[in-house]
Amino acid sequence: MDINEMKELIAAVDQSSIQEFEANDQDYAIRISKLTEPKPIITGGMLTNPNDITDQPVASSVSSLDQTYVNQPEVNQAAESAVSNGTLIKSPIVGVVYLQPAPDKDVFKEVGDSVREGETLCIVEAMKLMNEIPSTVAGKVAKVLVENGQVVEYDQPLFEII
């Protein structure tokens, strides 16, 4: 599976109502999750580890699970509606965002900082790979729309540059 196929798969999962997807092959393994943390799935009145589930049907009691994670796309819409007329820098992948290069280092950029096109704004960790996210425009950081260590979705706004 090449990077373009992965991006298409991520986009397809993002556009669907699927909350988690996992595929394994002899050459690769990929897991895509819209959840910020694994949630137990209730089957037959017993809690089950999500990593142990294969093709089990999900019981009707799943509706009682925390709805915060089911409504994740609303987070993206709320972030976009809060943005004025700047340029949004969005995450190209699902992963964990880091606003600093290392825990003991300063943040890459904060509100009010000038930024050049191509300059690193943050890192998104996906599948143990650290992906630097560059600015696509020059300007000033107007808003930081995520928190350090937050799980981000594909195409989720990270920064607003004016």
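As the structure is a computational prediction, the values presented were derived from the model and not from experiment.

Visitor: In this structure, what is going on with the pattern of salt bridges? I would like to understand it.
Guide: In a structure, side chains of opposite charge can pair up when their charged atoms sit close to one another. Under the definition given, this model contains 3 salt bridges. The partner of Lys-109 in a salt bridge is Glu-119, and the shortest N-O contact between them spans 3.0 Å. Taken together, the residues span a long stretch of sequence, with Lys-109 in the loop between strand 6 (95-98) and strand 7 (114-115) and Glu-119 in the loop between strand 7 and strand 8 (120-126) at a distance of 10 residues. Classification of Lys-109 by relative accessible area gives buried; the value is 14%. A relative accessible area of 18% means that Glu-119 is categorised as buried.

Visitor: Can you help me understand the sheet that holds strand 7 in this one?
Guide: The strands making up a sheet associate through hydrogen bonds between their backbones, and the pairing can be parallel or antiparallel. Strand order across the open sheet formed by 4 strands is 5-12-10-7, with antiparallel pairing between neighbours. Looking along the sheet, the strands with just one partner apiece sit at the ends: strand 5 (87-90) and strand 7. Here 3 bridges tie strand 10 (residues 139-144) to strand 12 (residues 157-161), and the two strands are oriented antiparallel to one another. Note that in strand 12 the partner of Val-144 across the bridge is Phe-159.

Visitor: Looking at this structure, how should I read the environment of Ile-133?
Guide: Along the chain, the position of Ile-133 falls in strand 9 (residues 129-134). For Ile-133, a relative accessible area of 4% translates into the label buried. Distance in space between the C-alpha atoms of Ile-133 and Thr-120 is 5.6 Å, their sequence separation being 13 residues. Apart from the residues lying within four places of it in its own chain, the contact partners of Ile-133 are Ile-89, Lys-90, Pro-92, Glu-119, Thr-120, Leu-121, Cys-122, Val-124 and Leu-158.

Visitor: Which parts of the structure should I look at to understand the side chain of Lys-109?
Guide: Polar contacts involving the side chain of Lys-109 include one to the main-chain carbonyl oxygen of Ser-114, which spans 2.9 Å. Here Glu-119 takes part through its side chain, which lies 3.0 Å from a polar atom of the side chain of Lys-109. Among residues more than four places away in sequence, those in contact with Lys-109 are Ser-114, Val-115, Glu-119, Thr-120, Leu-121, Val-141, Val-144 and Phe-159.

Visitor: What exactly am I supposed to notice about the nonpolar core here?
Guide: Across soluble globular proteins, nonpolar side chains have a tendency to be buried as a group. If you look at the biggest cluster of nonpolar residues, it comprises 16 residues, and the most contacted ones within it are Val-97, Cys-122, Leu-158, Phe-159 and Ile-161. Among the elements that make up this core, the one with the highest residue count is strand 8 (4 residues). When sequence neighbours within four positions are dropped, the list of residues in contact with Cys-122 reads Val-97, Tyr-98, Leu-99, Phe-108, Asn-131, Glu-132, Ile-133, Leu-158 and Phe-159. Counting 7 residues, the second largest nonpolar core, distinct from the first, contains Ile-10, Ile-30, Ile-32 and Val-94.

Procedures and definitions
Residues numbered from 1 in each chain as written. Predicted model: local features only at pLDDT ≥ 70, side-chain atom pairs only at ≥ 80, totals over all residues. Heavy atoms only, no water. Salt bridge = Lys/Arg side-chain N within 4 Å of Asp/Glu carboxyl O. Helix = DSSP H or I, 4+ residues; strand = E, 2+ residues; numbered from the N terminus. Buried < 20%, exposed > 50% of the residue type's maximum accessible area, 1.4 Å probe, protein only. Pairing = 2+ DSSP bridges. Contact = heavy atoms within 4.5 Å. Polar contact = N/O pair within 3.5 Å; in protein donor to acceptor, adjacent residues only side chain to side chain. Core = buried A, V, L, I, M, F, W, Y, C linked by side-chain atoms within 4.5 Å.

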